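A closer look at the structure
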Amino acid sequence: MEKKTFTISVYSENNVGLLNRISGIFLKRHINIESLNVSESEIENVFRFVIVVHTTENWVKRIVGQLEKQIDVIRAFYHVDKETIYQESAIFKISSDLFFDEGQIETIIKDSNSSIVSVSRDFFVIAKTGRRSEIQELYDELQPFGIMQFVRSGRISVSKPQMKISSLLQEFQTITH
Amino acid sequence: METLKEKTASTTQATTIRISGAEAVIRCLLEEGVNLVYGYPGGAIMPIYDELYKFSDHLHHVLTRHEQGATHAAQGFARVTGEVGVAMATSGPGATNLVTGLADAQIDSTPMVCITGQVARQLLGSDAFQETDIVGISTPVTKWNYQITKASEIPEIMAKAFYIARSGRPGPVLIDITKNAQFDELDFSYEKCNGIRSYKPKPEIDLSKISAAAEMINTAKRPMIVFGQGIILGQAEEELKAVVEKAGIPAAWTILGLSALESDHPLNVGMVGMHGNYAPNVLTNECDVLIALGMRFDDRVTGNLNTYARQAKVIHFEIDPAEIDKNVKTDIAVLGDVKETLELLLPLLEPNSHNNWLEEFKKKDAIEFDKVIKNDLFPEKEGLTMGEVLGQINRASNHEAVIVSDVGQHQMIACRYAKFRQSKSNITSGGLGTMGFALPAAIGAKMGAPDREVVAIIGDGGYQMTIQELGTIFQTRTPVKIVVLNNDFLGMVRQWQQLFFDKRYASTELTNPDFVTIAQGYNINARRVTKREDLAAAVDEMIASKEAYFLEVCVEKEDNVFPMIPSGASVSDIRLS
Ligand SMILES: Cc1ncc(C[n+]2csc(CCOP(=O)(O)OP(=O)(O)O)c2C)c(N)n1
Ligand SMILES: [Mg+2]
C-alpha cells in the first residue's frame, strides 16, 4: 500500500499524561510523528491534537482506532491533505546589517508574503505562515545571507468534512443527566 | 468508638464525612464491593496499610511474597469470578514489580485495579527515595492510569478506575497516590461512576449488520465458529451455545476461549492455533464462512496471515472497534457486546445441521488421535507423558476443576487435554505468555472460587519464577493443588532448539532442586511420582486432600508438543510430528 501524508485530529480531555499515552501509540508501532501540535479547540475544555504522519492508510486507520480507544480521547479522525486546510508558521531571525546592506531582502520579504514582526538594532524577525513548501522556499532564499535562528511550528489544520464533536458531547450530557 | 458496622455503612446517600485520604481509599474499595486485596507494603503506602489494619474485618488483605505475585493473584481472582481484582504496592520497586502483571492483564483484557503509593507531592521530580514515574512506566500497559496528588480527588478517581477496569473490554487500571494525599483529610462521599464522556465502553449495535451476518450464516455450507475470551468476559456462554446448536456450526476456541463451551459438546471441535487441534486448524482454510466471536486473530492463532482463511468470508463479532480489520480483513463486522449481538442473531438463524462438514472434522480428529493424542494420553513407552497426567487429573476431578496453567509445553498440553463443564475454569497467561503466572494466579482463583477444586499445572522452569508464593499458600492456608511437570528443561524453548536450531540446547537444561523438600519446608504435603504405576493414586491423593498439596511428576525429558504450526507457516501446514 502506498504511503501518504495524513493529518490526524484528536479531540481529548485535558489530562496530564495523555500526550505520553498518545505518543506511545506511535512509538509502539515504530511510526515517526512528522509534526505535532496541541491546543485548545472550539469546545471549552476540549483539547485538540493535530498529528501529521507519513504512512499507509491501513496503518493510519489502526492508529486512529487505538487513539479512540484511549479513555480520555473523545474522538479521532484522519484526513488526507486535500480534505484539509492546513498551515504551518515559521519565524526567522536575521542580522539587521543584512537588511540595510542587501537590498534584495526587502523584495524577498515582500514577494513571500511574510511579515516583519520585530526590528531592533542587532536583528530583525520575519514571520511566515503557509504551506511547508512556501516556508521552505523562503528559507532557501534567505539562507545564503545567513539565518541567525529558524523555527517552524507543527502543522495546524481544519478539516473540510465535519467532525461533529459538539453533538457527541451533547448526546452524552443527555444520556447521563 | 463507632462500630465497624457504622464504619462501613454505605456513604452513598449519607452526607459527607471528614476522613483521611487513606481511609477514603479503603471506603472506596468497600463501596465497589471489594473484600479481598493482594499486596505488599512499604513506606509510601503505609497510611493505606494502617487503614487496612483498622478495617481488617471487612477488607481482607493477602500478603504475597512479591508484588508480581499480587498482580497475578488478583488476575486469577478476576478471571474466575468475573469481578475486578485489586493489587497494592508501595512506590519505586514495589510499583515496578507490578509491571509484568499489568502487561499480562492488559493483553488478556483482565479487569484489575492496582493502587500504588507515591512520594509526597512536594517531592515529585526530586529523585526522592523510592520515587519512580510509575504512571509514565505503566502507560502502555494500562487501560487507564492516574496520579492522585490531592485527597479530595480520591472518591471520583477510584470510582472511575473501577468503572473503566470492568466496563467494555476490561483491562487494568493503575492509580498512583502521593503520600500527602493519603494523610490529608477530605469530605468523603461516594458516587459510583456510570459514564465518562470521552469513553464509550460498548459500540452501538447496527441491526443491519446482524441480519447480514444471519443471511451469510444461513446460506453457508461449511461455516465454522472460532470463539475467544470475549464470550467469557461478556457472559455470553448460553448465547454461544444456542447459536452453535441452532445453526449446527462446529465451534473451535482460542486458548482464552477455552471452557466457555463444555469440552464434551458434540459441536466443540477443539483449539485453534500453534498447538491447537489438527481439524480446526486445517479446516480454517476450507470453511466458507468463518465466524469469529470475541477473539482478536492473534498471530499464534492465525499463523501466516497471507494464507489464513483466504477462501472464507469472515464475520467478526467484537466489542472493540480497534480490533476490526486489525489483522484479518472482515466481510461483516458486528460491533457490540457479544451477549447482545448473539441474542439478536439467534432468532434470525435457520435451524441447520452440517453433518457432512462435521464429518470432516471427525476424520481429521481420527488422524490426530492416531498420530498424537493416543501417544500423549495412553503412552506405551516407559517415560511418563504430560498428557497422561492431565488425563488422570480429568478423571480424578471429574472435569470439575479450575485449571491454572503456566507457560510452556505443559501449558499447551493442559489446554489441549483438560476437560471442562463450566465456564471461567481455564486460567492461563495467553497473550503475554508470562512464566510464573500460574502459582500466584491459582491462589487468587482458589480465593475467588473456594468451593471449587483449583489445580495449577506448572513447568519446572516457570515454577521457580514465583516459587516464593508457596509462602503465601502456607500463611493463608489456601488449599490449592500444585502439579509441577518436571522435564528438567525449559521444554518449550528446548523443543524449538531441537526443531529449528539443530538441537543446540543453549541454556535450556535445568539442574533442579528437590521440589518436594521445598514444599515440605512450607508445611505443604508433597509427593514425587516417577513411575506410571504410582500416578493415578498420587493424583487421587492430591484431589482428595483438603489442604494444599504439591505433586511433582517427573516426565520424559525431551518430549515435544504436537501438532504444531511452525511460526510463519500456514494453519493448514500444521505438523503432526
Ligand atoms: C517470563 C518469561 N521468560 C521467558 C519466557 C520464554 N519461555 C517460554 S516457554 C519457556 C520454557 C518454560 O519452561 P518450563 O516452565 O519448564 O515449562 P515446559 O515448557 O518445560 O513445560 C520459556 C523460557 C517466557 N514465556 N516468560
Ligand atoms: Mg520444564
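Reading the values: the criteria
- Residues numbered from 1 in each chain as written.
- Chains lettered and ligands numbered in written order.
- Predicted model: local features only at pLDDT ≥ 70, side-chain atom pairs only at ≥ 80, totals over all residues.
- Heavy atoms only, no water.
- Helix = DSSP H or I, 4+ residues; strand = E, 2+ residues; numbered from the N terminus.
- Rg over C-alpha atoms; globule rule 2.2 N^0.38 Å.
- Buried < 20%, exposed > 50% of the residue type's maximum accessible area, 1.4 Å probe, protein only.
- Contact = heavy atoms within 4.5 Å.
- Areas by Shrake-Rupley, 256 points an atom, 1.4 Å probe, with all protein chains shown as cover.
- Lys, Arg positive; Asp, Glu negative; His and termini not counted.
- Charge placed at Lys NZ, Arg CZ, Asp CG, Glu CD.
- Pairing = 2+ DSSP bridges.
- Axes fitted to C-alpha atoms, helices over the stretch in contact; angles between N-to-C directions.
- Donors = N, O, S within 2.8 Å, 3.2 Å for Na, K, Ca; no water.
- Near = heavy atom within 4 Å.
- Polar contact = N/O pair within 3.5 Å; in protein donor to acceptor, adjacent residues only side chain to side chain.
- Domains from an automatic or database assignment.
- Buried area = accessible area lost by both parts, 1.4 Å probe.
- Salt bridge = Lys/Arg side-chain N within 4 Å of Asp/Glu carboxyl O.
- Nonpolar A, V, L, I, M, F, W, Y, C, P; charged D, E, K, R; others polar.
- Patch = residues over 30% accessible without salt bridge, like charges linked within 9 Å, V, L, I, M, F, W, Y side chains within 5 Å.
- Phe/Tyr/Trp six-rings, centres within 6.5 Å; stacked < 30°, edge-to-face > 60°.
- Lys NZ or Arg CZ within 6 Å of the ring centre and 35° of its normal.

Helix and strand counts for chain A come out as six helices and nine strands. Rg of the C-alpha trace for chain A: 20 Å, well past the compact-globule value of 16 Å for 177 residues, more than 25% over. Taking the principal axes of the C-alpha coordinates as reference, chain A spans close to 65 × 40 × 30 Å. Within the span of chain A, comprising 177 residues, buried residues form 42% of the whole. Taking as baseline every contact in chain A between residues at least 6 positions apart, the subset at least 24 positions apart corresponds to 75%. Here chain A displays about 10,200 Å² of accessible surface, and carbon together with sulfur accounts for 48% of that area. Distance between charge centroids for chain A: 10 Å, based on 21 positive and 23 negative side chains.

This paragraph deals with the overall build of chain B. Scanning chain B from terminus to terminus reveals 24 helices and 20 strands. Seen through its principal axes, chain B has C-alpha atoms that stretch 70 × 60 × 40 Å. With 577 residues in all, chain B has 61% of them scored as buried. Partitioning the contacts of chain B with sequence separation of at least 6, the portion at a separation of at least 24 is 76%. For chain B, the distance from the average position of its 55 positive side-chain charges to the average position of its 73 negative side-chain charges is 2 Å.

Residues and elements named next belong to chain B. The sheet built from six strands is open, its strands ordered 11-10-9-12-13-14 with parallel pairing. The open sheet terminates on both sides in strands that have one partner only, identified here as strand 11 (268-271) and strand 14 (332-335). This sheet shows a mean twist of 20° between the axes of neighbouring strands, independent of strand direction. Bridge count for strand 13 (residues 313-318) against strand 14 is four bridges, and the pairing is parallel. By the bridge assignment for strand 14, His 316 is matched with Ala 333.

Residues and elements named next belong to chain B. Those protein atoms acting as donors to the magnesium ion (ligand 2) are Asp 460 (OD), Asn 487 (OD1) and Phe 489 (O), and they sit at 2.1 Å. For the magnesium ion (ligand 2), the single-chain donor residues occur in sequence as D-x26-N-x1-F. A residue pair is termed long-range when its members are at least 10 positions apart, and Asp 460 in helix 20 (residues 460-463) and Phe 489 in the loop between strand 18 (481-486) and helix 22 (491-500) qualify at 29 residues. For the residue pair Asp 460 and Phe 489, the accessibility class agrees, reading buried in each case.

Residue and element names in this part refer to chain B. Neighbouring residues of ligand 1: 18 residues in total, closest Gln 409, His 410, Gly 433, Gly 462 and Gly 491. Separating an oxygen atom of ligand 1 from a backbone N or O atom of Gln 409 is a distance of 2.8 Å. A distance of 2.9 Å is found between an oxygen atom of ligand 1 and a backbone nitrogen or oxygen belonging to Phe 489. For ligand 1, the accessible surface in isolation is 570 Å², of which the surrounding protein chains cover 76%. At the level of elements, helix 18 (409-417), helix 20 and helix 22 are the ones that each hand at least two residues to the shell around ligand 1.

All names here are of chain B. Its domain assignment divides chain B into domain 1 (4-188), domain 2 (207-359) and domain 3 (382-554). Taken over C-alpha atoms, the centre of domain 2 sits 31 Å from the centre of domain 3. Counting residues at the interface gives 18 residues for domain 2, matched by 20 residues for domain 3. Across the interface of domain 2 and domain 3, roughly 1,500 Å² is buried in total on both sides, 59% from carbon and sulfur atoms. The largest share of the area that domain 2 buries against domain 3 comes from Ile 255, Ser 259 and His 275, three residues that together contribute 36% of it. The tally of links between domain 2 and domain 3 comes to zero salt bridges. Put simply, domain 2 and domain 3 have eight residue pairs in polar contact (both at pLDDT 80 or more) between them. Of the residues in the side of domain 2 that touches domain 3, the class split is eight nonpolar, five polar and five charged.

Right, let's talk about a negative patch on the surface for a bit. All names here are of chain A. Negative charge collects at one region of the surface, where Asp 111, Glu 134, Glu 137, Asp 140 and Glu 141 lie side by side. Ranked by residue count, the leading element in the negative patch is helix 5 (residues 132-142), at four residues. Relative to the helices and strands, Asp 140 is located in helix 5. The partly exposed category is assigned to Asp 140, whose relative accessible area is 46%.

So, on to the packing of aromatic side chains. Residues and elements named next belong to chain A. This model, assessed by the stated rule, comprises 15 aromatic pairs over all chains. Ring centres of Phe 92 and Tyr 139 lie 6.5 Å apart, and the angle between their planes is 40°; this geometry places the pair in the tilted category. With Phe 92 in strand 5 (residues 84-95) and Tyr 139 in helix 5, this pair connects stretches of sequence that are 47 residues apart. The class of Tyr 139 is partly exposed, set by a relative accessible area of 25%. Ring geometry for Tyr 139 versus Phe 150: centroids 4.8 Å apart, planes at 65°, classification edge-to-face. Of the two residues, Tyr 139 is situated in helix 5 and Phe 150 in strand 8 (residues 149-152); the sequence distance between them amounts to 11 residues. Feature note: the residues Phe 92, Tyr 139 and Phe 150 constitute an aromatic cluster, connected by ring pairs. Across from the ring centre of Trp 59, 4.4 Å away, lies the NZ or CZ of Arg 62, which sits over that ring.

Attention now moves to the interface of chain A and chain B. Facing the 17 residues of chain A at the interface are 19 residues of chain B. Interface of chain A and chain B: buried area, both sides summed, is about 1,600 Å²; carbon and sulfur atoms make up 49% of it. Of all residues in chain A, Arg21(A), Ile71(A) and Phe172(A) give up the largest surface area on contact with chain B, accounting jointly for 42% of the area buried on that side. Joining chain A to chain B, the criterion identifies two salt bridges. There are seven residue pairs in polar contact (both at pLDDT 80 or more) connecting chain A and chain B. No other element matches the four residues that helix 2 (residues 57-69) of chain A contributes to the side of chain A that touches chain B. Of the residues assigned to the side of chain A that touches chain B, the class counts are six nonpolar, five polar and six charged.

Our next topic: the pattern of salt bridges. Enumeration according to the criterion identifies 40 salt bridges over all chains in this entry. One salt bridge connects Arg152(A) with Glu88(A), and the closest N-O pair in it is separated by 3.5 Å. With Arg152(A) in strand 8 and Glu88(A) in strand 5, the pair connects residues that are 64 residues apart, well separated along the chain. A salt bridge links Glu239(B) to Lys339(B), with the nearest nitrogen and oxygen atoms 3.2 Å apart. Pair noted here: Glu239(B) is in helix 12 (residues 237-247) and Lys339(B) is in helix 15 (residues 338-345), with a separation of 100 residues, a long-range link. Here Lys339(B) falls in the partly exposed class, since its relative accessible area comes to 31%. Three or more residues are tied together by salt bridges with common partners; here these are Lys69(A), Arg169(B), Asp320(B), Glu323(B) and Lys326(B).

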